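The primary structure of each chain is shown beneath.
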Amino acid sequence: MKRLIAGAALMAVSLGAFAAQAADKVTLQLKWVTQAQFAGYYVAKDKGFYEEAGLDVTINPGGPDIAPPQVIAGGGADVIVDWMPSALASREKGVPLVNIAQPYKRSGMMLTCRKETGIKSPADFPGKTLGVWFFGNEYPFLSWMSKLGIPTEGGPKGVTVLKQGFNVDPLLQKQADCISTMTYNEYWQVIEAGVKPEDLVVFKYEEQGVATLEDGLYVLEAKLADPKFVETMAKFVKASMKGWDYARAHPDEAVKIVLDNDATGAQTEGHQKTMMDEVNKLTEGSTGVLDPADYERTVKTIMTGGSDPVITKAPEGAWSHAVTDKM
């Protein structure tokens, strides 16, 4: 009897080891540091959604010196989180990225201005200094200015563009009349610095008709020729969307999970709770399936970004439903 029990125990251990070995490894490269912007992925890992799908997922945070397209091109990730303007620019430059899923349904990008500058509408922008993020994030802004017919080379009829770092100092120190912010992050950094909401004027890109898709999931095009890879990504996207659904239903728990995964200890609970609430508004209603109309709008926006558009021609094969069709 003892031998039978021992044999059964050994078999159970062996089966467990085999199951662990059989899990498909997936490495996800994030666009930025660990924060609630990426809560769905951390929740999916923490709650065992990836494990249930037979996946062993590694989540690598990003940062100011990490470019996800370069990481995946170098073999450092299987799938990355990136904004579509950046991904399409990378594709045109030779990194064949393909959007396989779109967890973020809406854009969180805004221009936040000090009310004391007299800015009430975009018509008041000429003659002002506007803080703009670069490294591929400037194209929605340039497209917006092109749409408004406002030059970006300064002067009384144009705007002076200040290359903004990833902070809100230019607004706080009054170096700029407006700065780039996200609904879920930098805007609240301004508020947390002591500025009252009533002393600010915000312009959401979504409402200005120049929003582009953010935080999509991208893989290398050649990988999609492998049915096994497509199947693995389908499991990954499905489990990730389950994570996003859970984050919306349990925002406080999602924040705790994010903080537990922040190796730097730099994030604060209050800021992450605010971020989680705002991010949930952007992912709400998304099934992960890319809406071709949203893709076309993004392409149109970034191809009309003035004299230096992010892409010079309409891309082909830049998105695929191959993965989401198998979910």
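In what follows, the structure referred to is the one given above.
Rules used in this analysis
- Residues numbered from 1 in each chain as written.
- Predicted model: local features only at pLDDT ≥ 70, side-chain atom pairs only at ≥ 80, totals over all residues.
- Heavy atoms only, no water.
- Salt bridge = Lys/Arg side-chain N within 4 Å of Asp/Glu carboxyl O.
- Helix = DSSP H or I, 4+ residues; strand = E, 2+ residues; numbered from the N terminus.
- Disulfide = S-S within 2.5 Å.
- Buried < 20%, exposed > 50% of the residue type's maximum accessible area, 1.4 Å probe, protein only.
- Axes fitted to C-alpha atoms, helices over the stretch in contact; angles between N-to-C directions.
- Parallel < 35°, antiparallel > 145°, perpendicular 65-115°, else oblique.
- Left-handed = near helix turned anticlockwise from the far one by under 90°.
- Contact = heavy atoms within 4.5 Å.
- Nonpolar A, V, L, I, M, F, W, Y, C, P; charged D, E, K, R; others polar.

**Notes on the pattern of salt bridges**
Phase 1 of the analysis: As enumerated under the stated definition, the model contains 16 salt bridges in all.
Phase 2 of the analysis: Residues Glu 221 and Arg 91 are paired through a salt bridge, measuring 2.9 Å at the closest nitrogen-oxygen approach. Of this pair, Glu 221 sits in the loop between strand 10 (216–220) and helix 10 (227–249) while Arg 91 sits in helix 5 (residues 84–92); the two residues are 130 residues apart in sequence, bridging distant segments of the chain.
Phase 3 of the analysis: What emerges from the salt-bridge pattern is a single network uniting Arg 114, Glu 116, Lys 174 and Asp 177.

**With respect to the state of the cysteines**
Phase 1 of the analysis: The tally for this structure, following the rule as stated, stands at one disulfide.
Phase 2 of the analysis: Here Cys 113 pairs with Cys 178 through a disulfide, and the sulfurs are 2.2 Å apart. Its S-S torsion of approximately 105 degrees makes the covalent link between Cys 113 and Cys 178 right-handed. Pair noted here: Cys 113 is in strand 5 (residues 109–114) and Cys 178 is in strand 8 (residues 178–182), with a separation of 65 residues, a long-range link.

**Describing helix 6 (residues 139–148)**
Phase 1 of the analysis: With seven of ten residues buried, helix 6 is to be regarded as a mostly interior element.
Phase 2 of the analysis: When helix 6 is considered as a whole, its buried residues turn out to be Tyr 139, Pro 140, Phe 141, Leu 142, Ser 143, Trp 144 and Met 145.
Phase 3 of the analysis: Immediately beyond the C-terminal end of helix 6, within one or two residues, lies Gly 149, with a positive phi of roughly 75 degrees.

**A few points about the packing of helix 10 against helix 12 (residues 269–283)**
Phase 1 of the analysis: The geometry of helix 10 relative to helix 12 is characterised by a closest axis approach of 10 Å and an angle of 130 degrees between their N-to-C directions. It follows from the interaxial angle that helix 10 and helix 12 lie oblique. Note on packing geometry: the crossing formed by helix 10 with helix 12 is left-handed. When helix 10 is examined against helix 12, the residues Trp 244, Ala 247 and Arg 248 are found in contact with a partner set consisting of Met 276, Val 279, Asn 280 and Thr 283.
Phase 2 of the analysis: A class-by-class count of the residues in the contact of helix 10 with helix 12 yields four nonpolar, two polar and one charged.

Treat this as a map of the structure, not an account of what it does.
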